[in-house]
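Chain residues, written in single-letter form:
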Amino acid sequence: MRQWRFQAFACFAARINLGALLVVAMTAGTVAPAHAAGDLLIAPTRVILDGRRGTEVILNNIGDEEATYRITLELRRMNDQGRLDDVDVVAANDMEKAVLDVIRYAPRRVTLPPNQPQSIRIGLQAIDALPDGEYRAHMLFRAIPKTPAADGTADSANSLRIQLIPIYGISIPVIVRKGNLQGTAALTNVRLGKDNEGPTLEFDMARQGDKSIFGEIHVTKPGVSEPISVAKGIAIYPEIASRIVSLPLAPEVAAKMQGEVVISYYEAPEAGGGLIAQVRTVLR
């Protein structure tokens, strides 16, 4: 469970809703490696559009049976804990409503045999009238469950039969950027903490500018290039100026962090891998 939680934080935020619905909200990189939810493999896990050309996302059914997926656009906002909360269209602001109007994609429903890839084309209609800025929607790929076959048995008149069918989905951010956007980040207040599952590395991340920041955290000892810990897929979106990051640690890793450490925030390798922010501190 501890290992799963670390991977979940590094690559995506997950939530389980009533009715056995599992939705995975990705926060990974521009052309990040493929990731699977249920039997669906998807790549890339992050799309950035600037209006000059479209792109595509490749889906692959890695299960043993044919599967059907419905594709929709949804709105989510990041809060100061880094969680992505759903936004109802009625409560959406002008920028959120605008991005739903300009993103175009097809097909919107696919049926995939096992190990059969399918491309989803994504593009924009004219964005000349949009004010400069960063716009974002989340593309959700949700499995459509098959109707269970009748088993031939009859329930008694007074019985109630309920069957929960898991519905798996995976979503990726689709980001639209217009204009010469800039963004910087800073790391402060680094500390060792603890949650219900064990030790954590915690710090505050601040953002300035008009674009999101995305990358990975490397924790090293001064003068040592090999990281003690690496956490990928750490993002801060334009709707917030700061957030708290809490990274779960194995006990043996937490022990190695005692003393002086360097916390470095790098761009994802596919985006160049440049240093975004760095702080040196002593942990106790």
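For clarity, every value in this text was computed on a predicted model and none was experimentally measured.

Participant: Account for the pairing of strand E14 (residues 183–195), naming residues and giving values.
Facilitator: As judged from the eleven bridges shared by E14 and strand E15 (residues 198–209), these two strands associate in the antiparallel manner. Considered in E15, the bridge of alanine 186 is made with alanine 206. From the end of E14 to the start of E15, which pair antiparallel, there are two residues.

Participant: How would you summarise the sheet that holds strand E17 (residues 229–236) if you had to cite specific residues and measurements?
Facilitator: Sheet architecture is open: four strands sit in the order E17-E16-E19-E20, paired in antiparallel fashion. Edge positions in the sheet fall to E17 and strand E20 (275–283), since each of these pairs with one other strand and no more. When the angles between neighbouring strand axes are averaged without regard to direction, this sheet yields 20°. Both strand E16 (residues 213–220) and strand E19 (residues 259–267) contribute to a ladder of six bridges, which runs antiparallel. Looking across to E19, one finds that glycine 215 is bridged to glutamate 267.

Participant: Please set out the pairing of strand E10 (residues 109–112) residue by residue, giving values where relevant.
Facilitator: Two faces make up the sheet, and in a regular strand the side chains alternate between them. Covered by surrounding structure in E10 are Val110 and Leu112 only, the residues Arg109 and Thr111 on the alternate face being uncovered. Direction of pairing for strand E7 (residues 67–78) relative to E10: antiparallel, over a ladder of four bridges. The residue bridging arginine 70 from the neighbouring strand is arginine 109, located in E10.

Participant: Break down the environment of leucine 181 for me, with residues and values.
Facilitator: Mapping leucine 181 onto the fold places it in the loop between strand E13 (167–178) and E14. When the C-alpha atoms of leucine 181 and glycine 209 are compared, they prove to be 7.5 Å apart, with 28 residues separating the residues in sequence. Beyond its immediate sequence surroundings of up to four residues, leucine 181 is in contact with Gly133, Glu134, Asp210 and Lys211.

Participant: Which residues make up the sheet that holds strand E18 (residues 242–248), and what values go with them?
Facilitator: Spatially, three strands are ordered E14-E15-E18 in an open sheet, and the strand pairing comes out antiparallel. Looking at which strands have only one partner, the edges of the open sheet turn out to be E14 and E18. The mean inter-strand angle of the sheet, taken between neighbouring strand axes irrespective of direction, is 20°. Looking at chain direction, E15 and E18 are connected through seven bridges and run antiparallel. When the sheet's bridge partners are listed, glutamate 202 is paired in E18 with serine 246.

Participant: Quick one: what's the story with the side chain of glutamate 134, residue by residue and with numbers?
Facilitator: Along the polypeptide, glutamate 134 turns up in strand E12 (residues 133–144). Since its relative accessible area comes to 8%, glutamate 134 is described here as buried. Within the structure, the side chain of glutamate 134 is placed 2.8 Å from the side chain of arginine 177, a separation counted as a polar contact. A polar contact is formed between the side chain of glutamate 134 and the side chain of serine 212, at a distance of 2.8 Å. With sequence-adjacent residues up to four places away left out, glutamate 134 is seen in contact with Met95, Ile175, Val176, Arg177, Leu181, Asp210, Lys211, Ser212, Tyr237 and Pro238.

Participant: Please set out the pattern of salt bridges residue by residue, giving values where relevant.
Facilitator: It is possible for side chains of opposite charge to pair when their charged atoms get near one another. If you walk through the whole model with that rule in mind, you get twelve salt bridges. Of the charged contacts in the structure, one is a salt bridge between arginine 280 and glutamate 260, with a shortest N-O distance of 3.6 Å. Of this pair, arginine 280 sits in strand E20 while glutamate 260 sits in strand E19, and the two are 20 residues apart along the sequence. Using a relative accessible area of 36% as the deciding quantity, one classes glutamate 260 as partly exposed. If you follow the salt bridges from partner to partner, you end up with Glu74, Arg76, Asp86 and Arg142 in one network.

Participant: Outline the nonpolar core, supporting the account with residue identities and numerical values.
Facilitator: A general feature of soluble globular proteins is that nonpolar side chains tend to end up buried together. If you look at the biggest cluster of nonpolar residues, it comprises 33 residues, and the most contacted ones within it are Val57, Leu59, Ile71, Ile103, Ile122, Met139 and Phe141. Not counting the four nearest positions on each side in its chain, leucine 59 is found in contact with Leu40, Leu41, Ile42, Ile71, Val110, Leu112, Gln116, Pro117, Gln118, Ile120 and Phe141. Within the second largest apolar cluster, 32 residues are counted, among which are Leu187, Phe214, Ile217 and Ala254.

Participant: I'd love a proper account of the confidence of the model for the protein chain, names of residues and values included.
Facilitator: With 79% of its residues at a pLDDT of 70 or more, the protein chain shows a mean pLDDT of 84. In the model, residues 1–34 has pLDDT below 50 throughout and makes 101 contacts with residues more than four positions away in sequence or in other chains.

Scoring rules and cut-offs
Residues numbered from 1 in each chain as written. Predicted model: local features only at pLDDT ≥ 70, side-chain atom pairs only at ≥ 80, totals over all residues. Heavy atoms only, no water. Pairing = 2+ DSSP bridges. Helix = DSSP H or I, 4+ residues; strand = E, 2+ residues; numbered from the N terminus. Axes fitted to C-alpha atoms, helices over the stretch in contact; angles between N-to-C directions. Buried < 20%, exposed > 50% of the residue type's maximum accessible area, 1.4 Å probe, protein only. Contact = heavy atoms within 4.5 Å. Polar contact = N/O pair within 3.5 Å; in protein donor to acceptor, adjacent residues only side chain to side chain. Salt bridge = Lys/Arg side-chain N within 4 Å of Asp/Glu carboxyl O. Core = buried A, V, L, I, M, F, W, Y, C linked by side-chain atoms within 4.5 Å. pLDDT = per-residue confidence, 0-100.

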